[in-house]
Amino acid sequence: MPIRFLTAGESHGKALVCLLEGIPANLSLSSEDVNIELQRRQRGYGRGGRMKIESDRVEFLSGVRFGKTIGSPISMVIWNKDWENWQEKMAYEGEPSERVVPFTRPRPGHADLVGGIKYNQRDLRNILERASARETAARVAVGAVCKRFLREFGITIGSYVVSIGNLKPRLEERNLLERHRLAESSEVRFPDPSKDEEFRRIIDEARERGESLGGVFEVFAVGVPPGLGSHIQWDKRIDGRIAQAMMSIQAIKGVEIGGGFGLAEKFGSEVHDEIGRSEEGYIRYTNNLGGTEGGITNGMPILVRCAMKPIPTLTKPLRSVDIETKEEVKAGKERSDIVAVPAASVVGEAMLAIVLTDAFLEKFGGDFIEEIKERFERYKQYVKNF
Ligand code: EPS
């Protein structure tokens, strides 16, 4: 695994930090490359009050000098503006004052109760702070660096939302990059901004009813060469690695690659992507398998679909039990989003970028960009003539 990364930070702590190791030297990288992605993650109709407080920006602490990577671990920090309002409740030292009220009414669907049991925490804030999807800002920072790396090799990653709640407008026949481009100007990242009003309506209705919503999004990568990942061992298979990465995003409950579950009800002749040849080498006439065969990329776009469950914090809460009194109560409320599917699609892009960067470096190796480019060009010729 050439790429290793860790994130740290509580939602209302001082900051989110991340440490990324394995990015080769001499990659041009600016804080703007990362900030653009952080801002994309903050958008989306239906986000809560927190996104009005934060304007996420990255600060490099290591690994970059004069706008280029130097091969050493890249560490990045994203300061939480909201920390100012939480210093007393989230103090790093001392004893809690009487104003610090423990969170004891776990929300069904959040990590509150199971995390409390697992770590023996009676103030469930000690769990929910880290379980919060705020952590995904750090992943997006890591993903932004990986996207920057992949761009050097002509690989582009994008995403768009397919549905929110039960609203699933028809997707126009468009190529993936075009869908992504249109999604960028939609308030919910649906690849047709003329549908925004319908989406706003169901989100507003959910808000009025004290509800939350989930949805489905698709993430893709185009320009991926054949040969990333491997059929030889379970943990080298690229589709398995992508599924794990996507499933690790907070609230994701389903992942499909290519036609996914839909393929199960078809005949083999309807599913498998027939092979042809062009001047550039082998081609496929269709992409039902979402760009992977036998756990290896096949040169077609990688296409991943993820299902996100509704956010567990409800203003009209569900039944729960207070862990101190053991009595039936309504679950605790926290400020939250009504829907975060558009943001999750940007997080999905980051996770796909991380997995592909890892698999790319595994295949081409190298400690600096120039040598990797040389190997990559040679490989492209080899594939063309195969
Ligand atoms: C999030 C910030 C959080 C939540 C959300 C994600 O802000 P706060 O808790 O201060 O309102 O809005 O967290 C969750 C969805 C969750 O499950 O906890 C962010 O920056 O994305």
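Residues numbered from 1 in each chain as written. Predicted model: local features only at pLDDT ≥ 70, side-chain atom pairs only at ≥ 80, totals over all residues. Heavy atoms only, no water.

Participant: Describe the site of the ligand, naming the residues involved and giving the relevant values.
Facilitator: Around the ligand sit His12, Arg41, Arg47, Arg50, Met51, His110, Ser132, Ala133, Arg134, Arg335 and Asp337, and those are all the residues in its vicinity. The contact in question runs from an oxygen atom of the ligand to an N or O atom on the side chain of Arg47, over 2.9 Å. Computed on the free molecule, the ligand has an accessible area of 480 Å², of which 92% lies beneath the protein chains in the complex. Considering only residue class, the shell around the ligand consists of 2 nonpolar, 3 polar and 6 charged. (Near = heavy atom within 4 Å. Polar contact = N/O pair within 3.5 Å; in protein donor to acceptor, adjacent residues only side chain to side chain. Areas by Shrake-Rupley, 256 points an atom, 1.4 Å probe, with all protein chains shown as cover. Nonpolar A, V, L, I, M, F, W, Y, C, P; charged D, E, K, R; others polar.)

Participant: Residue-level account of the pairing of strand β10 (residues 275–278), with values.
Facilitator: As judged from the 4 bridges shared by β10 and strand β11 (residues 281–284), these two strands associate in the antiparallel manner. Each residue of the ladder has a partner; that of Gly276, found in β11, is Ile283. (Pairing = 2+ DSSP bridges. Helix = DSSP H or I, 4+ residues; strand = E, 2+ residues; numbered from the N terminus.)

Participant: How would you sum up the packing of aromatic side chains? Please name residues and give values.
Facilitator: As enumerated under the stated definition, the model contains 13 aromatic pairs in all. Relative to Phe153, the ring of Phe149 lies with its centre 5.1 Å away and its plane at 50°, an arrangement referred to as tilted. Taken as a pair, Phe149 and Phe153 share a single burial class, namely buried. With centroids separated by 5.2 Å and ring planes inclined at 55°, the aromatic side chains of Phe360 and Phe376 adopt a geometry described as tilted. (Phe/Tyr/Trp six-rings, centres within 6.5 Å; stacked < 30°, edge-to-face > 60°. Buried < 20%, exposed > 50% of the residue type's maximum accessible area, 1.4 Å probe, protein only.)

Participant: Quick one: what's the story with the sheet that holds strand β7 (residues 156–164), residue by residue and with numbers?
Facilitator: An order of β7-β8-β14-β9 is seen for the 4 strands of this open sheet, with the pairing classed as antiparallel. Each end of this open sheet is capped by a strand with a single partner; those strands are β7 and β9 (252–257). Going from strand to strand, the sheet's axes swing by 20° on average, the running direction of each strand aside. Sheet topology places β7 next to strand β8 (residues 215–222); 8 bridges connect them, and they run antiparallel. Paired with Tyr160 across the bridge in β8 is Glu218. Helix α7 (residues 176–184) contacts β7, β8 and β14 (302–308) of the sheet and is inclined by roughly 65° relative to β7. Sitting on the sheet, helix α11 (residues 341–364) is in contact with β7, β8 and β14, with an inclination near 145° to β7. (Axes fitted to C-alpha atoms, helices over the stretch in contact; angles between N-to-C directions. Contact = heavy atoms within 4.5 Å.)

Participant: How would you explain empty space enclosed by the protein if you had to name every residue and give the values?
Facilitator: Under the defined criterion, the tally for this structure stands at 1 cavity of 30 Å³ or more. Of the pockets and cavities examined, the largest cavity occupies roughly 30 Å³. Lining of the largest cavity is provided by Arg107, Pro108, Pro312, Leu314, Pro317, Leu318, Ala331 and Gly332. In the lining of the largest cavity, the residues fall into 6 nonpolar, 1 polar and 1 charged. (1 Å grid on protein atoms, 1.4 Å probe; cavity = no way out; pocket = protein on both sides within 12 Å on 5 of 7 lines; lining within 4 Å. Points joined across faces, edges and corners; volume = space filled by probe spheres on them.)

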